[in-house]
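Below, each chain spelled out in residue letters.
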Amino acid sequence: MASVVIVGGGISGLAAAFELARHRDVEITVVEADSRLGGKIWTTPFAGRPVDCAADAFLARVPEAIELCGELGLREQLVTPATSRAFVYCDGALRAFPERTVLGVPTDLDTLAASGLVSEEGVARAAEDLTMPGEPWRGDESVGALVRRRLGDEVFERLVAPLLSGVNAGDADELSVEAGAPQFAEAVRDQPSLIAGLREQLAHTRPDPGTPVFYGLSTGTQALTDALARELGRRGARIVTGARAIAVDRHRAQATSRFAVRVASADPIEADAVVLATPDFVTAELLGGIAPGVAAELSEVPYASVVMVTLAVPRLAIGRPLDGSGFLVPRAEGLLLTGCSWASSKWAHLDDAEVAVLRASAGRFDDRRALELDDADLVGALVADLATTMALDPSVSPVATRVSRWPSSLPQFHPGHLERVARWRAELDTECAGLTALGAGWDGLGIPACIRQARAAAERTRRHLDLLTS
């Protein structure tokens, strides 16, 4: 029987293993360095309810996560946010995020003007995009360069940057359009106006009223990785946790290559194919001996570190209604806090008449202040920022607190990223046929993107194994 080693037991690795197990008779070993599976998908009990420590939702408009939930029998657990309203903290107040925006770019300028987030001059500058001449978009650039050029600085700094920087904890002035905002690339591919192009997109793709934007799972997103692990066990896959892979070796066996995954304090694991579902800096270490060129470039991909502090606080300690899903904080406000999800208002299954669950985030690629504070000081600093932004009474002690630190967790996609990824894959196909790498640092962040990559990796691996046996 053909054998495959998958390094990494997060959503990418588990989904790749599941896809392989479903479609081919293959011996699968999953190797995970941590003592638990799931990677950045983690749900723990908090204030009497299952609350996620990181991602708590996935996009509804892309099918991969929804399809996988169906395949794993989780459809009945799918839930949608109780509200789609969100806010931005600007100029000392929470202001409602305007409707009919795409990644922060407004398609309705009247709604933008009414939001109070942008000055009259800023709205007028954004309107110039509709008449400003320009060439159709060619080649990658940063989101900041494109949006500032077309709509001006205010729209970028108060709407686009907080939203996109909230996704990857980076600097939207350095974020690749193609990798981080592909809707923008498509909008200006054939004409120069970003607003006009996005309006055309919405006209062709606008969902029916009531169609959700996001889904979550009522018992937390870890239900997805737990179900994958159970199914893999049922299908005979070997799962090894607490085992850190340190290198991948290759040796020739007749006309083909076989691989050996070296694991710290254990014997190497040999296989006909290898899938690396690890962060880029880990993948770089594993590939150093067999694909040094790719490894060198992967080691240079920057990563941001973030932290999430979950608080359960008496609702009476909050001096404003929690009438939305939460808010973002632009960089220019100078706060440690980058955003706060009002989890018990966002999700009906977390609602409580007496206690509110807040998930406060901090940390950006170029801002490590939160990571350098101990837990007590970090909680105190974020409570102070919540007092400033949403009138939380700092004299009232939280009912419960939880600090979730995620060092080097979010890759930064600089312009030209997808071109580099294509080159890495081509080099691996040439130098290491049978070895596939994937993950958030390759083709994008988010649960659906990781599942999509996992399916593609499984298909490439199947094709390689078919060649070996043909």
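We now turn to the structure provided with this report. Everything quoted here is computed from the prediction, not taken from an experiment.

1. Regarding the side chain of Thr-29
Okay, so step 1: Considering the arrangement of structural elements, one finds Thr-29 in strand E2 (residues 27-31).
Okay, so step 2: Ignoring any residue separated from it by four or fewer positions in sequence, one finds Thr-29 in contact with Val-4, Val-5, Ile-6, Arg-238, Val-240 and Ile-269.

2. Examining the packing of helix H4 (residues 120-127) against helix H5 (residues 143-151)
Okay, so step 1: The contact between H4 and H5 brings their axes to 6 Å, and the two run at 100°. In terms of axis orientation, H4 runs roughly perpendicular to H5. Where H4 approaches H5, its residues Gly-122, Arg-125 and Ala-126 are matched on the opposing element by Arg-148, Arg-149, Arg-150 and Leu-151.
Okay, so step 2: Grouping the constituent residues of the contact of H4 with H5 by class yields two nonpolar, one polar and four charged.

3. What to know about the nonpolar core
Okay, so step 1: One finds Ile-6, Ile-28 and Leu-224 to be the most contacted residues of the largest nonpolar core, which totals 45 residues.
Okay, so step 2: Among the secondary structure elements, those contributing two or more residues to this core are strand E1 (3-7), helix H1 (11-23), E2, helix H2 (64-71), strand E11 (214-217), helix H10 (222-234), strand E16 (273-276) and helix H18 (447-469).
Okay, so step 3: Broken down by element, the residue count for this core peaks at eight residues, all from H1.
Okay, so step 4: What Ile-28 contacts, discounting residues up to four positions off in sequence, is Val-4, Ile-6, Ala-17, Leu-20, Ala-21, Ala-237 and Arg-238.
Okay, so step 5: Among the nonpolar cores identified, the runner-up in size contains 36 residues, and Val-105, Leu-109, Ala-161 and Ala-187 belong to it.

4. Details of the pattern of salt bridges
Okay, so step 1: Scanning the model with the defined rule gives 32 salt bridges in all.
Okay, so step 2: Two residues, Arg-100 and Glu-99, come together in a salt bridge whose shortest N-O distance is 3.8 Å.
Okay, so step 3: The exposed category is assigned to Glu-99, whose relative accessible area is 55%.
Okay, so step 4: When the shortest N-O distance is used, the salt bridge between Asp-153 and Arg-148 registers 3.0 Å.
Okay, so step 5: Classification of Asp-153 by relative accessible area gives partly exposed; the value is 43%.
Okay, so step 6: If you follow the salt bridges from partner to partner, you end up with Glu-19, Arg-22, Glu-67, Glu-71 and Arg-455 in one network.

Cut-off values and rules
- Residues numbered from 1 in each chain as written.
- Predicted model: local features only at pLDDT ≥ 70, side-chain atom pairs only at ≥ 80, totals over all residues.
- Heavy atoms only, no water.
- Helix = DSSP H or I, 4+ residues; strand = E, 2+ residues; numbered from the N terminus.
- Contact = heavy atoms within 4.5 Å.
- Axes fitted to C-alpha atoms, helices over the stretch in contact; angles between N-to-C directions.
- Parallel < 35°, antiparallel > 145°, perpendicular 65-115°, else oblique.
- Nonpolar A, V, L, I, M, F, W, Y, C, P; charged D, E, K, R; others polar.
- Core = buried A, V, L, I, M, F, W, Y, C linked by side-chain atoms within 4.5 Å.
- Buried < 20%, exposed > 50% of the residue type's maximum accessible area, 1.4 Å probe, protein only.
- Salt bridge = Lys/Arg side-chain N within 4 Å of Asp/Glu carboxyl O.

Shape is all these values report; function is a separate question.
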